[in-house]
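# Residue-level structural notes
Single-letter residue listing:
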Protein chains: 4
Amino acid sequence: MIIHLKAEVTKEKAEQLGAELESIVLQREGFFALISSSKGKSIDEKYNQFIVERFPFEDDMQLASKKYINGVREIKITDSISIGGNNKNTLMITGPCSVESEEQIEQCAALCVELGVKVLRAGAYKPRTTPYAFQGMGLAGLKLLDKMRTKHGLKIITEIRDSTHVNEIIEYADILQIGAKAMYDHGILKACGKSGKPVLLKRGFGATLQEFVQAAEFILSGGNDKVILCERGIRTFETKTRFTLDLCGVAYLKQYTNLPIILDPSHAIGFAYGVADLSKACVAMGVDGLLIETHPNPAVAKSDAAQQLNFKQFRELYAELGAVANAVGRTMI
Amino acid sequence: MIIHLKAEVTKEKAEQLGAELESIVLQREGFFALISSSKGKSIDEKYNQFIVERFPFEDDMQLASKKYINGVREIKITDSISIGGNNKNTLMITGPCSVESEEQIEQCAALCVELGVKVLRAGAYKPRTTPYAFQGMGLAGLKLLDKMRTKHGLKIITEIRDSTHVNEIIEYADILQIGAKAMYDHGILKACGKSGKPVLLKRGFGATLQEFVQAAEFILSGGNDKVILCERGIRTFETKTRFTLDLCGVAYLKQYTNLPIILDPSHAIGFAYGVADLSKACVAMGVDGLLIETHPNPAVAKSDAAQQLNFKQFRELYAELGAVANAVGRTMI
Amino acid sequence: MIIHLKAEVTKEKAEQLGAELESIVLQREGFFALISSSKGKSIDEKYNQFIVERFPFEDDMQLASKKYINGVREIKITDSISIGGNNKNTLMITGPCSVESEEQIEQCAALCVELGVKVLRAGAYKPRTTPYAFQGMGLAGLKLLDKMRTKHGLKIITEIRDSTHVNEIIEYADILQIGAKAMYDHGILKACGKSGKPVLLKRGFGATLQEFVQAAEFILSGGNDKVILCERGIRTFETKTRFTLDLCGVAYLKQYTNLPIILDPSHAIGFAYGVADLSKACVAMGVDGLLIETHPNPAVAKSDAAQQLNFKQFRELYAELGAVANAVGRTMI
Amino acid sequence: MIIHLKAEVTKEKAEQLGAELESIVLQREGFFALISSSKGKSIDEKYNQFIVERFPFEDDMQLASKKYINGVREIKITDSISIGGNNKNTLMITGPCSVESEEQIEQCAALCVELGVKVLRAGAYKPRTTPYAFQGMGLAGLKLLDKMRTKHGLKIITEIRDSTHVNEIIEYADILQIGAKAMYDHGILKACGKSGKPVLLKRGFGATLQEFVQAAEFILSGGNDKVILCERGIRTFETKTRFTLDLCGVAYLKQYTNLPIILDPSHAIGFAYGVADLSKACVAMGVDGLLIETHPNPAVAKSDAAQQLNFKQFRELYAELGAVANAVGRTMI
C-alpha cells in the first residue's frame, strides 16, 4: 500500500509513522509517502489525520503500477533526449558488447556520430559465465568510454556486473545498466536507488514479470524515479536461439506499469541473422527504445561474436526502422 | 538425406530402391525422390547410376529446409489468394474461437465481407483441457461454416482436434488447421499429407523448433507440399500471459526453412489488451499472415473469452496494420 | 461440481437432469452422478429433491480429487496384481522401448520371468518426431506381445500413438498406455474411457499438473475408474538431460489426487547412467510403480538407444530397489 | 585446458607463462597449474619443457570435472564432519529460513542438539524479491548465529546475498552459502575463492547445469577447493509447486563432476506437505547432504512460511531418513 501523507507532516514525523507502520518512507514532490507490503496489516483509523490518499495494491507492484500513475513516466537522459511521457520517441542505443580497445570503441563512436545515434553502449565489466574467458577491461574500459563522451558528445550506458564496482559505474555512466544476471542484486539496486541517474534495468532471463517489476520497486522506493525496463529474452526450452524475446511480456508491462521500456533483440536471439526483423517487431510495438549490438568486425569480438551486427548491417537496419516507427506514430531518435 | 532419382527411374524401381535404402519414396515433378534419416547409412556406389543429386542434412529438417529449396514455397489458397513465393502478401484470417450459433458466425462472416478479409476461422471440434466445458458444435459447426463459404464467398479454416474426425475437416475446410495439441499426431499428419489441401500446422506449445519442422516433414513427405507453419506461443515459466510468442523462433524459421509462416498472437498472449501491439510486431517481421480471434461479444464467448477482440477493436487494428505492412514492403490481403 | 443423485433417480431422469444442468452423467455404484464445470452456474433449489450430496470444486480436478475420494483408488491389473488402495505395492514394469523382433522381445520376456517381473512393456506404434526413423512394427508388434503373454503369463502394457489404432491396442493390451504426446487426444481419452481396462496416462512433457489431471478426468468421466498417472519428465530449459523428472509434481499429485502414480525415470533423463539413482529416488517417494526401459543390447536399439538399461544393469538395480522400498514401508512386486 | 607445470617452475615463472598463455595461475599441492579457456589456442611446443601433463576439455567444466579428478572431492567441515571422498556420509543441515529473534534461533539450535544435527542454517541477509517485506536482521542476525555456535557447538551456514556484506559472512559462517539469485555474482564468487572456507553454491533457478558448474569454477580457480554444489529447484512452466527439483540434473552432476552435492527440497517444492517424500528421494539418490527448513511455528515465520517444517514434522522425518540412507549404503550424520 502507498500512503500519501499530508504536506505538513515533517520528515521526523513521517519516519516515526514509517516505523510504526513497517513502511518505507519516500520523499515525493512536496510531501512524504509511506510504502508497505501489500500483505501488510490494515491501518488503524487514528492515522487518518496524517493521510491524504491511499493506494492499495494486490501485489508488490506499487510505485511502478499504472494504478498509481496512469501514464508512462518521462525520463530525461539529457535536456534534449527524453523518452516516455507524452513524447513518442524511440531511442536507439548501439555499440559493441565489450570495450576491447581504444581503436575499436572509437570506430563504434564514429558510427554513432555518422548516423546521429546519441547513446553509445559497451561493457567494461563483463558478467561472463566462465572464469576462463575475457572478463572486460574494467576501469580502463570506463575511461575509454569517458573519452568517447567528451570527444564525440555521446551519452554512455554501461553495465554494473556486481556490487564491488557499482560506484565506478555511477561515476562514469550517463545511464546505469543493471544486467540480467544482476537483476536481483540488492547491493546494486540500492546503490542505483540513491544515485539519481537514469537506470536501465534488464529483466533476469529466469525472472517473472512480477519479480522484474519488483526489482524496479527497489530502485523507485530507494528514491530514484528514473527507471527504464529492458526486456532482453527469457530462458525457455527452445535452444536454437539463445533466449526467447518475450513480447507478450512487453505488452503486459505496457498495460500495467508506468515505466518506459527498451528492448534488446541482440541478446534475445543471440544471432545476427534475426536482429533486423526482431528490431522492426519491437519498434512496431511502440516501445521507447532499442539496444542493438554492433562491432566493427564481429568475427573477432572478444564476447558475443555471433550476435553483433557489422556496421553495414546496422546502417541498413537503422534506415529501415524509421519507416516502421512512423507507421505506428513514433519517431526514432 | 534427399536423393533425386533420374527421370527414367520408374515408380516400381523407385519403390524397390526405397526399400533397399530404408527410405520414403516421394513423387516430385517429373521424377521420384528418396528420403531417409539424416542418421542413415551412406549409400553404396552401385546406386549412383540411378541418382541425379544428393542433399545431405545434419538433422531431420529436410524437405522444409532452405538447403533444399532456397526460397519460400508459394502456397495458393485459391487462384487469387496466395502467400509465400515472391509475392509480399500478408494474409489476414479472422473469426471466433468457436462456431457457437448461426447468428454468431453470420456476424463474423459479415465483418470479413465488410473489411475485405478473405478467410474465416472458427473451431467446430474444440481441444478443451477439461471434459466439463463446451467441446464445440462438431459436424453441425462445420455445416455452418460451409454455409458461410457458399453465401459469402469466404474461404474456411478450421481445426482438426484428433484423428477421429480428420476426414470431415478435409471435406469441409479450405485450409486444414492442425492445432497445437495435435502437432505430434501421426494419424492427422498422415491424413493431411494425402489430402492435397493447404495445411496450417500450429507449433505445439511444448515443441522445439526442430520438432515443429519435423512435424511438417511428415506432411511434406506424405506428398503434400502446401504446408504453412504457425507460431502461436510456447509455454514458459511466465504465467502473467497465457503463452510466450516466440518471435526469435520465427526469425529462425524464416532463416532456415522454406515454408510460409502465419502468426497467432491471440492465443499467445491470451488477453485482448495486447493483441494489437503484437499483431503490429508480427507484421513488421514480414510474415505471411495473421490469425486473429474476433467475436461479436467476447464476454459471452463459450471459449477463449478473454483474448477475442470485439468488432470495433478489430476494425481499428486492421486499419493500422496496412501501414505497418507497407513500411516493411508488404501488402495486407 | 459433482452431484450424487438419489438411488431412485432412473437413467432417463438422470439424463434429463444432465441436459438441464449442462452436466456429464456418470453411472456410479448404485446411483447416477452429474458432473459439470466448476465454473457452472449454481443449481436451482427445485433440484434438491433429486440430490443426495454435492461436491463443489474450485477447478476442474473433480473425480480425481482427494476432496472427492480421500485415499488412493485401488486398481487391479489382475486378481493378484493390484496397486493403490491400502496395499503398499510398488509395481515394476520393464521391457524395451520398441518391439523390434520376436527374438528381442522373447529375451526381454525371459528376463521378466527370471526376475519375477509381472508386466512387460514395449511399443508397437512409436510416436517418433521424424518420419524418417523407425515407426514401430505396428500390428505385427502387438501380435508378438500377445504371444509373450500367452507363453510366459506376463501382462502387457503398450502405447496408443493416435486414435487410428486405439481399438487394436484396447484389444491386445492389459494396460493401455497413453503416451506423453497423446495426453490431450480426445479421441484416445474417450475410447479409453469406454474400454474398461486399466489406463496408464503419461503426462505430456509440456502439460501442467492441472491439465494432466484434467486429461484423467476425461477417462474417469467417460466411465472408467482405472486410471494411473505416470510422470515421465517435463521439458525445461535444461538440455544436458532429455527431460526433467518432476518429483515436486509427484508430491503434489500424491497430496491432491486419488489416483495411483507410476514413474518413468528412463524417459525423463534419457541416459542409462542416471536410471538407477533416479529409480531409487522414485521408490523412496512411495509411488505405486516404475516403468524402466531394458534392452538385450541397447547400442543397437531402433529407438531410445541411449537410455535403455542392459540386462546386467537391470538385474543389479532390481535387487537394490527392494531394500529402498522396504525402508519406506513398501514392497516391490 | 588445465596444464600441470613441473615442480621446479617458480611462482614468477608460472605467472609469466600464465600471461603468455592467457591463463589463470593456480597453486596446487607442490606445483602450479595454468587454466585457460577450452576455446583457447593450442600451446606452442616451446612450452613443453615446463609441462608435466595437459587436461583438455571440450567446454569450461574443468577443475570440477570427473575427467580431471575421477572421484568426489572430500570436504572437511571440521575435523570430525566430512562429506565426499570415500566416506558415505549424508549430512543433515537444518534451521529456519531467517534468524528472526534470539528466542526463535535458540529453539532451532536446541532442536539440532536434541537430534544430533551438527550444522544450523539460517539467513541474516534475505534476498527478497520485494523491498516491502522483511529483509533479514543483517549483522545482528549473524551475531545471534555466532552465539549459537559458541553455546551449542553447532556449525553455522548462512547466505551471502550480495557483495556488500560478503566479508561479514566470511567472518561469521563455517560454511558460506551463495544463494540461487547470487550464483552468477563475480564479486561473491571471487571473495569466496579467496576465503578458504567451505562454500555451498546454490544453483540459480534459471541456470543451466553447465553454468552452475562454471560458477563453481570461479571459486575453484580462485584457489578454494572446498566447493559443494546445491540443487534447490529450477523454474519451469509448472507453478503448482514453487520450483521443480531437478534430480535428473543431480544424476548428471554425480556422473560428470567431482564435487559433493547437497539438496534443498524445501525451497524446491515450497510447501511443507512434500518435503518428507522429496527428502527421502534425495537421500535414496546417494547425495552428500540435505538442507531442510524448520521453524518452531511456521505459520508466523517472516519468510517462507509455507515450506518450513514444524519440529514434530522434522523429528519424524529425521527418524525415517536414516533407514533410507542405510538402504543405499550411506549414513546420515
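The model shown is predicted, which means the values in this text are computed figures rather than measured ones.

## Considerations on the pattern of salt bridges
Summed over the entire model, instances satisfying the criterion amount to 76 salt bridges over all chains. With a shortest N-O distance of 2.5 Å, B:Glu114 and B:Arg315 are connected by a salt bridge. Of this pair, B:Glu114 sits in helix 2 (residues 102-115) while B:Arg315 sits in helix 10 (residues 311-327), and the two are 201 residues apart along the sequence. Two residues, C:Arg28 and C:Asp225, come together in a salt bridge whose shortest N-O distance is 3.5 Å. Within this pair, whereas C:Arg28 is found in strand 2 (residues 24-28), its partner C:Asp225 is found in the loop between helix 6 (209-221) and strand 12 (227-231), the two being separated by 197 residues in sequence. The exposure class of C:Arg28 is buried, given its relative accessible area of 15%. Judged by relative accessible area, C:Asp225 falls into the partly exposed class, the value being 33%.

## Quick notes on the side chain of B:Arg73
Residue and element names in this part refer to chain B. As for its placement among the helices and strands, Arg73 is situated in the loop between strand 4 (51-55) and strand 5 (75-76). At a separation of 3.3 Å, a polar atom in the side chain of Arg73 contacts the side chain of Asp225. Those residues in contact with Arg73 that sit more than four places away from it in its chain are Leu63, Ala64, Ile83, Gly84, Gly85, Leu220, Asp225, Asn258, Leu259 and Pro260.

## Let's talk about the interface of chain A and chain C
On the side of chain C, four residues touch chain A, which itself brings four residues to the contact. For the pair chain A and chain C, the summed buried area comes to about 320 Å², and 79% of that belongs to carbon and sulfur atoms. Area buried by chain A at its contact with chain C is led by A:Arg235, A:Phe237 and A:Thr239, which between them contribute 91% of it. At the boundary of chain A with chain C, the tally comes to zero salt bridges. Here the side of chain A that touches chain C is composed, by residue class, of one nonpolar, two polar and one charged.

## Thoughts on the pairing of strand 12 of chain C
Residue and element names in this part refer to chain C. Of all five residues making up strand 12, five are buried, and the element is well covered by its neighbours. What you see with strand 12 is no split at all: Val227, Leu229 and Glu231 on one side and Ile228 and Cys230 on the other are buried throughout. The parallel pair strand 11 (residues 199-202) and strand 12 is bridged by helix 6, and the resulting crossover is right-handed. The sheet contact formed by strand 12 and strand 13 (residues 261-263) spans three bridges and is parallel. Residue pairing for strand 13: Leu229 is matched across the bridge by Ile261. What joins strand 12 to strand 13 is helix 7 (residues 247-256), and the crossover it makes is right-handed.

## Digging into the pairing of strand 12 (residues 227-231) of chain D
Relative to strand 12 of chain D, strand 11 (residues 199-202) of chain D runs parallel, the two being bridged by four bridges. Directly across from D:Leu201, in strand 12 of chain D, lies its bridge partner D:Leu229.

So, how was this worked out
Residues numbered from 1 in each chain as written. Chains lettered and ligands numbered in written order. Predicted model: local features only at pLDDT ≥ 70, side-chain atom pairs only at ≥ 80, totals over all residues. Heavy atoms only, no water. Salt bridge = Lys/Arg side-chain N within 4 Å of Asp/Glu carboxyl O. Helix = DSSP H or I, 4+ residues; strand = E, 2+ residues; numbered from the N terminus. Buried < 20%, exposed > 50% of the residue type's maximum accessible area, 1.4 Å probe, protein only. Polar contact = N/O pair within 3.5 Å; in protein donor to acceptor, adjacent residues only side chain to side chain. Contact = heavy atoms within 4.5 Å. Buried area = accessible area lost by both parts, 1.4 Å probe. Nonpolar A, V, L, I, M, F, W, Y, C, P; charged D, E, K, R; others polar. Right-handed = clockwise from strand over helix to strand, strands pointing away. Pairing = 2+ DSSP bridges.

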